[in-house]
Amino acid sequence: MSVQALPATDAVDLRSDTVTLPTDAMYAQMRAAPLGDDGLDGDPTARQLEAHAADLLGKEAGLYTPSATMANLLALLAQSGRLDCIAAGVNSHIYTSEAGASAFTEAFLMQLPDPLGALDLQALADAVSPARGSARPTLLCVETSHNNEGGAVAPLAHMQQVHALAQQRGVKVHLDGARLFNAAAALEVEARSLCAAADTVAVCLSKGLSAPMGAVLLGPEATIRRARVLRKALGGAQRQVGIAAAAGLEALSPAQIGRLAEDHATARRLAQGLAGIDGLAVNAPQTNIVMVDVQATGGTGEAWETRLRERGVQVRAWGPHRLRCVTHRHVDAHQVDRAAAAFRAVADCLAETA
Ligand SMILES: *Cc1c(COP(=O)(O)O)cnc(C)c1O
């Protein structure tokens, strides 16, 4: 059965929270922002964003970067050297999507199990044990909320245990907090308490927080100074970057941070809508990511993606039998209900042809 494709503007776009467009307040800030040359003697708005983010997260200094990928890479480059070992969760974004960093750092990446977004403490203790000799990591990467684990958020006490284990053994901790504020909202704690357990933290501004681009890396002054030099080496120093940083400042306002809980409510509503559909196994979302296992329906992730698109719902296949659906500012309760109806229609269609 073929269905007329809807124009993209009518589609319910659950592909990612990166699709969020700048808010009106962001455009206003972008227009009014004082600008300079960030590659020369500094851009005042970028500096303001860096200071604001550092203050908000309780770190000494901040660095504005074009993306969270670059913020993570700079954290690795600034805190590890050639032939060092960097440990990261096997399902973490740094391990699954940014493994190329090992080519730049010339460090080894070591994988640790991280089921449900929480690093396995025994595996971590073994990895950092002095008994391992020179094959011990010097840097540990942690991720929260955990993208590939359906936006899962490890408890604050777990994060503290991870940090304590690392610190005891002199291992630095980098937190990939691309969605740190989602994690904080889910746990109902201040974001700064989540990254108190890390030396450096990267926060993405262009996901649920709606800035058009950019991320910030926060940490000790000396580390950030080093990361700033490395950013220039990578071509990441931009000129009148305050235009983008102004939107970033608005992204880190109480209004934008505060509304993330709405996305979590929308995700729960979507998960509830899908839970009753035969053949679908759905996570209980802690944040804004709904993972749907479609294996029992007999359709592949890709086939589901195509059939949902034909019904005006955009999702992404996440492996052969899973779909990832992400809620954000442009998706309301009405739209996730429409999405759930489309899932039901596809499931019925597959059951008929089975
Ligand atoms: C999206 C994401 C990144 C990369 O962010 P970009 O700004 O798109 O480079 C890094 N880590 C995690 C966990 C992410 O979800």
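For the structure, check the block above.
For clarity, every value in this text was computed on a predicted model and none was experimentally measured.

### Some points on the overall build of the chain
Across its full length, the chain holds 15 helices and 13 strands. Its C-alpha atoms give the chain a radius of gyration of 21 Å, within 12% of the compact-globule value 20 Å for 354 residues. Counting only C-alpha atoms and orienting by the principal axes, one finds that the chain spans roughly 60 × 55 × 35 Å. Every one of the 354 residues in the chain was classed for burial, and the buried ones make up 53%. The long-range share in the chain, meaning contacts at least 24 apart out of those at least 6 apart in sequence, stands at 72%. For the chain, the computed accessible surface area is about 15,000 Å², with 52% contributed by carbon and sulfur atoms. Positive and negative charge centroids in the chain, built from 30 and 36 side chains respectively, lie 4 Å apart.

### What to know about helix 6 (residues 121-128)
Of the residues making up helix 6, those classed as buried are A123, L124, A127 and V128. The buried residues of helix 6 occupy one face: seen down the axis, they fall within an arc of 120°. Considering only its buried residues, helix 6 is in contact with strand 4 (108-112), strand 5 (139-143) and helix 7 (156-168). If you check the start of helix 6, you find a side-chain oxygen 3.0 Å away from the backbone N of Q122, and it comes from D120.

### Quick look at the nonpolar core
Membership of the largest hydrophobic core comes to 52 residues, with the highest contact counts inside it found for L57, L140 and L180. Not counting residues within four places of it along the chain, the set of residues in contact with L57 comprises L180, F181, A191, R192, C195, V201, V203 and L218.

### Things to note about the environment of D43
Tracing the backbone through its elements, the reader meets D43 in the loop between helix 1 (24-32) and helix 2 (44-57). Through-space distance from the C-alpha of D43 to that of R239 is 7.6 Å; in sequence the pair is 196 residues apart. Discounting chain neighbours no more than four positions away, the residues touching D43 are P34, L35, G36, D37, D38, R239, Q240, V241 and G242. A distance of 3.0 Å separates a polar side-chain atom of D43 from the backbone nitrogen of G36. Engagement of the side chain of D43 in a polar contact is seen with the backbone nitrogen of G242, the distance being 3.1 Å.

What counts and how
- Residues numbered from 1 in each chain as written.
- Predicted model: local features only at pLDDT ≥ 70, side-chain atom pairs only at ≥ 80, totals over all residues.
- Heavy atoms only, no water.
- Helix = DSSP H or I, 4+ residues; strand = E, 2+ residues; numbered from the N terminus.
- Rg over C-alpha atoms; globule rule 2.2 N^0.38 Å.
- Buried < 20%, exposed > 50% of the residue type's maximum accessible area, 1.4 Å probe, protein only.
- Contact = heavy atoms within 4.5 Å.
- Areas by Shrake-Rupley, 256 points an atom, 1.4 Å probe, with all protein chains shown as cover.
- Lys, Arg positive; Asp, Glu negative; His and termini not counted.
- Charge placed at Lys NZ, Arg CZ, Asp CG, Glu CD.
- Arc of directions from axis to C-beta.
- Polar contact = N/O pair within 3.5 Å; in protein donor to acceptor, adjacent residues only side chain to side chain.
- Core = buried A, V, L, I, M, F, W, Y, C linked by side-chain atoms within 4.5 Å.

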